[in-house]
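# Remarks on the overall topology
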Amino acid sequence: MKHLIDIKSLKNDEILEIIELAKYYEKNVPLGTQKKKQKGSVALLFFENSTRTRFSFEMASRKLGFDVFNFEAQKSSILKGEGFFDTLNNLNAIGCDIAVIRHSREGFIEELAQKNYSYGLSLINAGEGKSAHPTQALLDFYTLNKHLGTLEGKKIVIVGDIVHSRVAKSNIELLSRFGAQVVCCSPDYFEDWTLEHIKYEPNINIALKDADAVMGLRIQKERIENNVPYAQYIADYQINEKNMPDSAILMHPGPVNRDVEISSTLLDTKGEIIIEQPRNGVFVRMAVLDLIFEGVQR
Ligand code: ASP
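Criteria and thresholds
Residues numbered from 1 in each chain as written. Predicted model: local features only at pLDDT ≥ 70, side-chain atom pairs only at ≥ 80, totals over all residues. Heavy atoms only, no water. Salt bridge = Lys/Arg side-chain N within 4 Å of Asp/Glu carboxyl O. Helix = DSSP H or I, 4+ residues; strand = E, 2+ residues; numbered from the N terminus. Buried < 20%, exposed > 50% of the residue type's maximum accessible area, 1.4 Å probe, protein only. Near = heavy atom within 4 Å. Polar contact = N/O pair within 3.5 Å; in protein donor to acceptor, adjacent residues only side chain to side chain. Areas by Shrake-Rupley, 256 points an atom, 1.4 Å probe, with all protein chains shown as cover. Nonpolar A, V, L, I, M, F, W, Y, C, P; charged D, E, K, R; others polar.

Time to look at the pattern of salt bridges. Applying the stated rule across the entire model yields 15 salt bridges. Between E20 and K23 there is a salt bridge whose closest N-O contact spans 3.1 Å. One end of the pair, E20, and the other, K23, are both in helix 1 (residues 12–28), three residues apart, so they sit about a helical turn from each other. When its relative accessible area of 47% is taken as the criterion, E20 is described as partly exposed. What makes K23 partly exposed here is its relative accessible area of 38%. Counted as one network, the salt bridges with shared partners bring together E48, R166, R218, E222 and R223.

Turning our attention to the site of the ligand. Close to the ligand lie R102, H133, R166, V167, R218, Q220, G254 and P255. The separation between an oxygen atom of the ligand and a polar side-chain atom of R166 is 2.8 Å. Within the side chain of Q220, a nitrogen or oxygen atom sits 2.8 Å from an oxygen atom of the ligand. Coverage of the ligand by the protein amounts to 91% of the 260 Å² it exposes when considered alone. Here the shell around the ligand is built from residues that sort into two nonpolar, three polar and three charged.

Spelled out as structure tokens, the structure:
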């Protein structure tokens, strides 16, 4: 693997290789201590806010022994007028091997890779607009596998702001490829009818019935121009003690807005896997970095 752009560009056996390597890291590399292995360097370039993704990429990089450089867009030469392509060219010249990029523009990272604007760098998509968040989907797949085993025929319900969510898009692509039955539940203003491989069920009680896993989504305020009718949304689409099936696992990519997409009570009684997800993210991101670094020619 030279880059990780989106789930589409990964073959199933590459996905399974990432999962197997992540399992190895989970068993063999305790978090919180250093275990040096690689000698490369990783630049984290985040143009949108992040807590879990940025920290877990940093933790994963350090666990593997990479040097990590955090780019601060607001303090960088981009504000002096430098184009991002030129920034990447300079990072490559300085000796960075991998650039982990979060950006608001859909298709941006693929364009960088295709036009060779990555220069010698390998690029990893750490969340791009509303289109793709491949490492989140990989860590969700890893988490689902751990709790449900094979996903063949399993009912995974994604509730909330589907149309603006890159997490939903990457998960739908990945989970349906491995045989899951993906059901999306949202009001019509959050539906995305261009998506394939899913079923829509607007009634949350019907959607959640017999679910194996329920994935909540945050309302992506930063991508929405119109006012969202919050009170009505909460009344109709909040995941809570009344509609959450006992036997299903509860997931959310974070950050959770308590008492909006999930009730605080449910989060505090059934939210343990939501905390496990970012932890799994470290192992999955270690696997991705490791496999990509193998392909870096310097
Ligand atoms: N952290 C996820 C993302 O970057 C989900 C969210 O922000 O709601 O897409």
